[in-house]
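Below are the chains, spelled out letter by letter.
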Amino acid sequence: MKYSGFDEYSFREYVNKALISARKVLDVNRNPEVAEDQDHSYDDKFAFAEFLSNTFIAAQMNLLENIGMNQDKIEKIYSMVHDDKRSVMIRFQAEDSCKFEKETIADVIQYDSEHITETVQEKSGILGGTSTKTKKDTQRHKVIQKVKESHWRVNLKYRLFCYAGNEPDKNPVELCSRTVSTIITTTGGKVCPRKEKTIHKFLETPLTWLFQNMKPGKKVWNAGFRIDRTAESCRTPRRNDQIESAFKFCTVINKFAKNVNHFFSQTVENDILGSHNPANHKPMPRNLSSMDNSSVFCPILPLFENKDNLAGTASRGENPRSLLVLPANNINSAESPILSIGDIDLFLNEQCRTIQDSFQSLESAFSSSEEKLISSFEAQIFLILTESSKLTEVYGLCINYIENMLKTQLITAIGKKVTPKDFDQFMRFHNRKLFLEQYCPKPFCYSIRRSEDHSPEGLLSIEATNTADSIDPCFTYVKHIDGENALPIKIPLNAATQVQITGERYLHGWMNHKFENHEPLSYQLTARARQFSSFILMIGTVAGPDTFIPKDAIIIQNKDEILIPILLNELPSAKEFKDSIASLSPEQQRFATAFRGMQLESSVFGVCVVQLKPQMEKLLGLTNDSLTKEIKLTQDLMELFSDYQIPSSLLSFDGNTQEESTRIRLDRVKENVKAVMDAIDAAKKKQLEEGKLRAERESRRAEEELERVRRADRRSSRPQNMVLCAARSAP
């Protein structure tokens, strides 16, 4: 499980409660603080990670002790792991059955009322006196409904045990088990609330890591977790193989504990006991989900303490209550701010004491009857597993706190949070210190010009697109190859055409830096042309030392700006490729090797720039630099070549190239261009005139057609008028 973040709020909330609990256990003169508030070294962080891990192991063993683990069982499981070299699993198995017991009739009071009637009698005496006599009559009415109740015998059996390898029935080490039977009552007919027999899917998880990090001691077992700082994979106290293994164990044991608790709270309490519905309803007993485990002390405390005054430091007792303790050599030196072994013994003892106090509270809250499916025994198991989940979460918070502490201290020292862009700038600074000037990485930014004596006609660069504040070019390692002493490069245009080019060449090498949890910088190829300037840009791949395969090409001219995103596809490294094909067949290995060779050959990105003015000068038979100041002629030539596809033979100079001067050649080309342009203008005028004539003919034809339709309408309307007139004149 890779480090992905730190929950600051949850950690601070836990630490505030932990400080209060720790001060209750320690001497009154002691003053432990959060680790970041005490001076310490980098080695102390590694020792702190080991200290927290060993405390986590001892605390988990304390929990297992309360559900059946003891010294003899630890020795058996330890022997399975270290002597037999077998993995150890902890498994929870459960099954239940339901069988009809009997049927009874219950009296359910639907209505119950009481009426009192008083009768007063007055009697006159002989002497004129009166006497009063009161009589009370009480009448009580009840409506009782006879309801049939079905009684079902529900049997539940479960066990929690450890076993080696894949043999759960061979010499298992049982931690706890229980077989219980109870009666549930239903109404509404003789319908069985459960299946006759249900064997639940077993729940299990490995415990191998826990016993791999234990060592036998003289009287008690010792936690033996250590970080191998000599390994290449060890980066920080959080980023190393040993902590990663601990986090994997936390993940699986946390899931196992929650699944077992879900069985008791949902399957047993809600499903089985929830079907108990007698005619005369009784209040439901206390459920497991409402149980409070906050009174159990958690011994994993991310605390440091200044040990200048060691008078109040606790020492290890002779008979610790915990099954497993931290080794005496876990702390590197007396100057280390990590709490002492005696302090951790006190914390582990406090954990054991608070667990026993919680057990006593559960015995008073839950019934201990042998006919209760959820008794104090199940409540104790539920409490232990809940506390186990809590330990994994607290351990993860504390270990991630060490990594966050490193991150916070580094940000404080630098003054800002380092981004991929910042690291790229740091590498540029570092490279300037490391390399000579001729070997230092240079920005990929080139001016497109004929020579040093000419003004640039454009710009070509590779720039980062993530930087909104400024344009940041890509820095590359560059090797310059003189074009005069190198072989020409072949460029296939199609199956029948291939051109060869010469010129200056630059071989670039680029090292991309990125952070694991950050989006890498994106880059784009940028090409810009100045006004009255033009060049051809080709992009593709380099297939060999003298072959360039173009994928796309474009003419950039007259202030054009082209932005081409560069999509980076990462290929596996040589080691990754070798490891991937190790288990393939020989045929598959040969195919993968050949395919990788093709990928590597076609993975070299190439950019080719061809300036158009020098090429047109050679094509038209002009001398060098003839078109440099001929702006209109250059624009006309570009239009003729690109828009009208005019052959170069109609425009080029046909005289003796050795005897004629530059002006004569240029004038001859201008005349040829003017002649072709005049021909094009004449063709345009002719097309315009033909278009006008065609439009006029179409307009006349439309008018004639409209007039013909109108005449036809007038002729069709005359006979109707005559008939109407004749009808009116008839006698």
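Residues numbered from 1 in each chain as written. Predicted model: local features only at pLDDT ≥ 70, side-chain atom pairs only at ≥ 80, totals over all residues. Heavy atoms only, no water.

**Observations regarding unusual backbone geometry**
This is how the line gets drawn: A run of DSSP states H or I qualifies as a helix once it reaches four residues; a run of E qualifies as a strand once it reaches two. Both are numbered from the N-terminal end. Per-residue accessibility, obtained with a 1.4 Å probe over protein chains only, is compared with the maximum for each type, and a residue is labelled buried under 20%, exposed over 50%, and partly exposed between these values.
Positive phi outside glycine occurs at Phe532, with the angle close to 60°. You can see Phe532 is positioned in the loop between strand E19 (523-529) and strand E20 (534-544). A relative accessible area of 40% means that Phe532 is categorised as partly exposed. A positive phi angle, near 50°, is found at Asn558, a position not held by glycine.

**Observations concerning the packing of helix H5 (residues 241-272) against helix H7 (residues 376-414)**
How we decide: Fitting a line to C-alpha atoms yields each axis, with helices limited to the stretch in contact; the angle taken between N-to-C directions then spans 0 to 180 degrees. Note on terminology: angles under 35 degrees are roughly parallel, angles over 145 are roughly antiparallel, angles of 65 to 115 are roughly perpendicular, and the others are oblique. Here is the rule for handedness: rotate from the far helix to the near one, and if that takes an anticlockwise turn smaller than a right angle the crossing is left-handed, while a clockwise turn gives right-handed. Side-chain classes follow a simple rule in which Ala, Val, Leu, Ile, Met, Phe, Trp, Tyr, Cys and Pro form the nonpolar group, Asp, Glu, Lys and Arg form the charged group, and the remainder, Gly included, forms the polar group.
Packing of H5 against H7 brings their axes to within 9 Å, and their N-to-C directions diverge by 150°. In terms of orientation, H5 and H7 fall into the roughly antiparallel class. As for the relative orientation of H5 and H7, their crossing is left-handed in sense. Broken down by class, the residue content of the contact of H5 with H7 amounts to 13 nonpolar, nine polar and three charged.

**Observations regarding the sheet that holds strand E18 (residues 505-509)**
To be explicit about the condition: A pair of strands is considered paired only if DSSP assigns at least 2 bridges between the two.
The strand order E11-E15-E18 describes an open sheet built from three strands, whose pairing is antiparallel. Only two strands of the sheet have a single neighbouring strand rather than two, namely strand E11 (442-443) and E18. In terms of strand pairing, strand E15 (residues 475-481) meets E18 through five bridges, oriented antiparallel. Counted as the bridge partner of Tyr477 is Gly509 from E18.

**Digging into the sheet that holds strand E8 (residues 221-223)**
With respect to topology, three strands assemble into an open sheet ordered E7-E8-E10, the strand pairing being mixed. Looking along the sheet, the strands with just one partner apiece sit at the ends: strand E7 (214-216) and strand E10 (324-325). As judged from the three bridges shared by E7 and E8, these two strands associate in the antiparallel manner. Note that in E8 the partner of Met214 across the bridge is Ala223.

**Thoughts on helix H3 (residues 71-82)**
The line we're drawing: Residue count minus one, scaled by 1.5 Å, sets the expected span of a helix. Within this analysis, the arc is defined by the directions that extend from the helix axis to the C-beta atoms. Throughout this description, a polar contact denotes any pair of N or O atoms lying within 3.5 Å of each other; where both atoms belong to protein, one of them has to be capable of donating a hydrogen while the other can accept it, and for residues adjacent in sequence the pair is counted only when both atoms sit in side chains.
Between its first and last C-alpha atoms H3 spans 16 Å; for 12 residues at 1.5 Å apiece the expected length is 16 Å, and the two agree. By the burial criterion, the buried members of H3 are Lys73, Ile74, Ile77, Tyr78, Met80 and Val81. Down the axis of H3, the sector holding all buried residues measures 155°, keeping them to one side. More than 90 degrees from the buried face of H3, the exposed residues found are Asp72 and Lys76. Near the N-terminus of H3, the side chain that reaches the backbone nitrogen of Asp72, with its oxygen 3.3 Å away, is that of Asn70.

**A few points about the nonpolar core**
Soluble globular proteins: nonpolar side chains tend toward being buried together. As a reminder, the rule being used: Here the nonpolar core consists of buried residues drawn from Ala, Val, Leu, Ile, Met, Phe, Trp, Tyr and Cys, with membership extended through side-chain atoms lying within 4.5 Å.
Met61, Phe211, Phe264 and Ile300 are the most contacted members of the largest nonpolar core, which totals 109 residues. The biggest single contributor to this core is H7, with 15 residues. With 19 residues, the next largest nonpolar core counts Leu637, Leu640, Leu651 and Phe653 among its residues.

**As for the pattern of salt bridges**
To be explicit about the condition: By definition here, a salt bridge exists when the distance from a side-chain nitrogen of Lys or Arg to a carboxyl oxygen of Asp or Glu is within 4 Å.
The final tally for this structure, using the stated rule, is 32 salt bridges. When the shortest N-O distance is used, the salt bridge between Arg450 and Glu617 registers 3.0 Å. Taken as a pair, Arg450 in the loop between strand E12 (445-448) and strand E13 (458-464) and Glu617 in helix H11 (residues 612-620) lie far apart in primary sequence, 167 residues in all. Assessed through its relative accessible area of 2%, Glu617 is described here as buried.

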